[in-house]
Amino acid sequence: MTVNYGGGGSGKGRTDLASGTVQFAGSDSPIPSDEASSFAGKPTVLYFPVIVGPITVSYNLSGVTKPLQLTPTVIANIFQGKIKKWNDPAIASLNSGVKLPSTAITIARRSDSSGTTANFSLFLEDSTKAWKLGSSSTINWPASSRGGDGNGGVAQIVKSTPGAVGYVDYADAKASGLSFASVQNASGKYIAPSTTAASAAAAGAKVASNLTFAAVWSGDATAYPITYQSWDLVFAKQKSANDVKMLKAYLGYLLGPGQQLLPSLSYAPLPANIDQQAKAQLSKITS
Amino acid sequence: MAATTGQSVDLREPPSWRRSKNRIATILMVISFVLVIIPLGFVLFTVIAKGISIISWQFLTADIPPNVLPASIGGMGPAVVGTLEITALATVLAVPLGVLGAIYLNEYGGNRLLARLIGFFSDVMTGVPSIVMGLFIFTIWVLHFGYSGLAGALALGCLMLPIVIRSTYEMLRLVPDPLREASYALGASKARVTVTVVLPTALGGIVSGALLAIARAAGETAPLLFTILTVTTVNRNVFSGANTSLPSQIFANASSPYVGAQARGWGAALTLIALAFILMVAARLVTARFARNLQ
Amino acid sequence: MTTKADPAGPAGSARQLSERRPLGDITFQAVALAAGLLVLVILVLIAVSTSQQASSWFSSEGIKIFSSTWNPTNNQFGALPFIYGTAVTAIIALVIAVPVSVGVALLLTEVVPRRWARPIVYVIDLLAVVPSVVWGLWGILVFAPWIQHYYASVSSGVKGIPVLDSLFGGQTSGASFFTAGIILAFMITPIVTSLSREVIATVPAIDREGAYALGATRLEMINGAVWPHSQAGVVGAVLLGLGRAMGETIAVALVIGSSATITPHLFAPGYNMPAVIANEFGEATGLFRAALIGMGVLLFAFTIIINVIARVIVERSGRRQRGA
């Protein structure tokens, strides 16, 4: 069986699923209301959660060796352009003992429609009143921010620009060698991004009957607050019995043995209860 | 004409300030040339320096690995295949049509309004941005028939068509009229004269022009963006299914933070430049040989 | 198909060599005509099909398509930031490329002996053959990080100075309007140079020699004999460079910074029409996609108009020479 994975953000995935170009689409957020029309008249979309993962707040500060500690409010103000320099008192007060340079902050964010953006902005919306830009796959970022294509694009901007800060998927941030912040969670603790902290966050999320949920800003004191989840979307009704067999085999692998591989790829496996429900949903794929 | 004051003035020598202005102007012109060489040198040097270490037979044939993997793993095989097959298809579509169009302009069109319009707008068409060609093929082809190497070839073909028309036209104009007239005198029809006398005489120049158009098309990315749906697996069927190409992969890898992906990008860039360079040199060789033939 | 002269006919009579054009000949001409017409057909099809796809954007926004608010989340698709970016990067490119190109063209036609001209022309052609995506790769991975330091120095240097601060001050970024303009300048130099050269070369030798005979220096000869003749043509060449600069996509998409804002700060990240289409088309649906295609229509219209004007100017200046 050949599985062909084309690149693109969550928005593109959903578009391609709706148009029939692809048979399964990865998406970090449920189908938003303004895209619902492209799925009208099509078979039901089944959401199969497959991974959970942290979104880091990565930065490029050569002199700073210990991870910075940031609260949601400070993050919101950084990404809205209200905090312009790294040695701003708001950041310094959270990080006593760290020598912060006076470098200007360059915001790096996604230029494409992205589930990472959707989850990052959802985190900010849920966690602090200071965030005014809403939550969506595309945000009206401040004028001086730089756009990057994909998590890799944002990681590249952060890596090559001293003073840059951006939100990057944990796997990409680690593979690019970026430094990232420890973020304060709902229990008040500063947690560094890690696969265990991400699983802790997902364990505390409320799961809907169609298996959608939001892991941001949830979980216990050990949870990393900017945790996202990803689903593979498939239509419940497939064109052929062979397609059904292939999809069930592929998804079954992801939900079964595949879960063990995730930590080595810097993603977190699903909490047991969610995994069970997803496996049970496989029977809903028919031809 | 000597001055009557007793001082001798050499009228051939301009006064020093005019000479200085002249010298400054010459220096500025030379500086302009240096300003052109510098970025060219930088780009070529960087591409060669960063690309040469990764180029190998494996690089040109192996599959494209995930971006995060280091440079020693995998290669750009699917992209090489894609570029070769898509550009070849575009050539097959555009060159015959371009040559025929030029034949109409030079042999049949004469000074008629239609011919002048076609010639004029063919030149204008060379200025249409390549991304517009991509959008065009997207709207009339991809929306109905899906992504494919063929769609990409159509977009590239639209790009190549006016270039081939112009270069072929210039070559046909160079063929001396007496050659044609002699054939007409023997009773041959215009079509026959064109195919058996004019084209063979101009062939060298036509080939050379076509090679340059191919070099241009092989390096284009924008027309392929919306027509081939860049994937990373090899697709030997250029007529159906998504595809990839060297420029598409370079574009994707350029935004990547991973050293391995960037290295593969440089390697692909070197491959692309080498390909374009070979085509350019081939075009010059053909022109040189053609000029000798005409003498 | 040769028809022998009828030996029975009176010598010297006018006789058609063939009464009727053979079918093959007519077919060939028709095919050639069709191929030529393809150019016009394609141009018309481009205009029609893309406008049709973009019609939902044109109709829903009306005059607002020229507003400065671009916010896909709120379904606001004002194109002004991108039109602004296209204009700014093109102007920067022209300001840098035109003096350099004209300088090189003059160097080739007036200064350099014919033997040396060939290698110089090869260098220019080599510059032209570098693909856009390679310029972009080099631009974003090598050039932008390097030039960012200079931007930062200039920006802190002009702080407070009235006009310079608005243009060169503020927050700087390697990926910005100015970087895109510089890379565009590299890319349009070959076309402006080669066309200027063609135009300058049509100046009659007699005018040049006349000027020299009167004792003019080379600069004076250029000002007096070359420039008046080739002015219009060079303007045409510059316009063609402008058209090319406006439409160049991939290199710009990689180095412009992807930020849809209207700001006078040239060292800030920006966006322009071809770049936003290239970067965001894949994800766009519905009105968003129509807006992007609509910008493609605008781009098509602008470049066609500029190219038509340029070609008319070049052709007219050429015709004046030939008539003279």
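Structural notes on the overall build of chain C
Item 1. The helix and strand inventory of chain C stands at 11 helices and 2 strands.
Item 2. From first element to last, N terminus to C terminus, chain C shows the α and β order α-β-β-α-α-α-α-α-α-α-α-α-α.
Item 3. Against the compact-globule benchmark of 20 Å for 324 residues, chain C has a radius of gyration of 26 Å, which places it well outside the compact range.
Item 4. Counting only C-alpha atoms, chain C reaches 95 × 65 × 35 Å along its principal axes.

Structural notes on helix α8 (residues 241-255) of chain A
Residue and element names in this part refer to chain A.
Item 1. Relative to the 21 Å expected for 15 residues at 1.5 Å per residue, α8 spans 21 Å between its end C-alpha atoms, a close match to the ideal helical length.
Item 2. Of all the positions in α8, only Asp243, Val244, Leu247, Tyr250, Leu251 and Leu255 are classed as buried. Along the axis of α8, the buried residues cluster in a sector spanning 140°; they form a single face. For α8, the exposed residues lying more than 90 degrees away from the buried face are Ala241 and Lys245.
Item 3. Looking at the packing, one finds that the buried side of α8 touches β2 (45-59), β10 (227-235), α9 (258-261) and α10 (272-281).

A look at the pattern of salt bridges
Item 1. All told, the structure shown has 10 salt bridges over all chains when counted by the stated rule.
Item 2. Ionic pairing is found between Arg180 of chain B and Asp177 of chain B, a salt bridge with its closest N-O pair at 2.9 Å. Of this pair, Arg180 of chain B and Asp177 of chain B both sit in helix α7 (residues 177-185), 3 residues apart, which is roughly one turn of that helix.
Item 3. Among the residues examined, Arg180 of chain B registers a relative accessible area of 6% and is labelled buried.
Item 4. Residue Asp125 of chain C is joined to Arg284 of chain B by a salt bridge in which the shortest nitrogen-to-oxygen separation is 2.5 Å.

Some points on the nonpolar core
Item 1. Judged by nonpolar contacts, the single largest core of 187 residues is most densely connected at Trp57, Trp70, Trp135, Ile277, Leu292 and Met295 of chain C.
Item 2. Tallying contributions element by element places helix α2 (residues 80-111) of chain C first for this core, with 15 residues.
Item 3. In this structure, Tyr59, Ile78, Ile83 and Ile107 of chain A belong to the second largest nonpolar core, which totals 39 residues.

Quick word on the environment of Gln276 of chain A
Item 1. Mapped onto the elements, Gln276 of chain A comes out in helix α10.
Item 2. For Gln276 of chain A, a relative accessible area of 53% gives the class exposed.

Overview of the pairing of β10 of chain A
Residue and element names in this part refer to chain A.
Item 1. Burial within β10 is extensive, with 9 of its 9 residues counted as buried.
Item 2. Of the two faces of β10, the one lined by Thr227, Gln229, Trp231, Leu233 and Phe235 and the one lined by Tyr228, Ser230, Asp232 and Val234 are each fully buried.
Item 3. Of the pairings in the sheet, the one linking strand β1 (residues 25-27) to β10 comprises 3 bridges and is antiparallel in character. Considered in β10, the bridge of Gly26 is made with Asp232.

Definitions and limits used
Residues numbered from 1 in each chain as written. Chains lettered and ligands numbered in written order. Predicted model: local features only at pLDDT ≥ 70, side-chain atom pairs only at ≥ 80, totals over all residues. Heavy atoms only, no water. Helix = DSSP H or I, 4+ residues; strand = E, 2+ residues; numbered from the N terminus. Rg over C-alpha atoms; globule rule 2.2 N^0.38 Å. Expected span 1.5 Å × (residues − 1). Buried < 20%, exposed > 50% of the residue type's maximum accessible area, 1.4 Å probe, protein only. Arc of directions from axis to C-beta. Contact = heavy atoms within 4.5 Å. Salt bridge = Lys/Arg side-chain N within 4 Å of Asp/Glu carboxyl O. Core = buried A, V, L, I, M, F, W, Y, C linked by side-chain atoms within 4.5 Å. Pairing = 2+ DSSP bridges.

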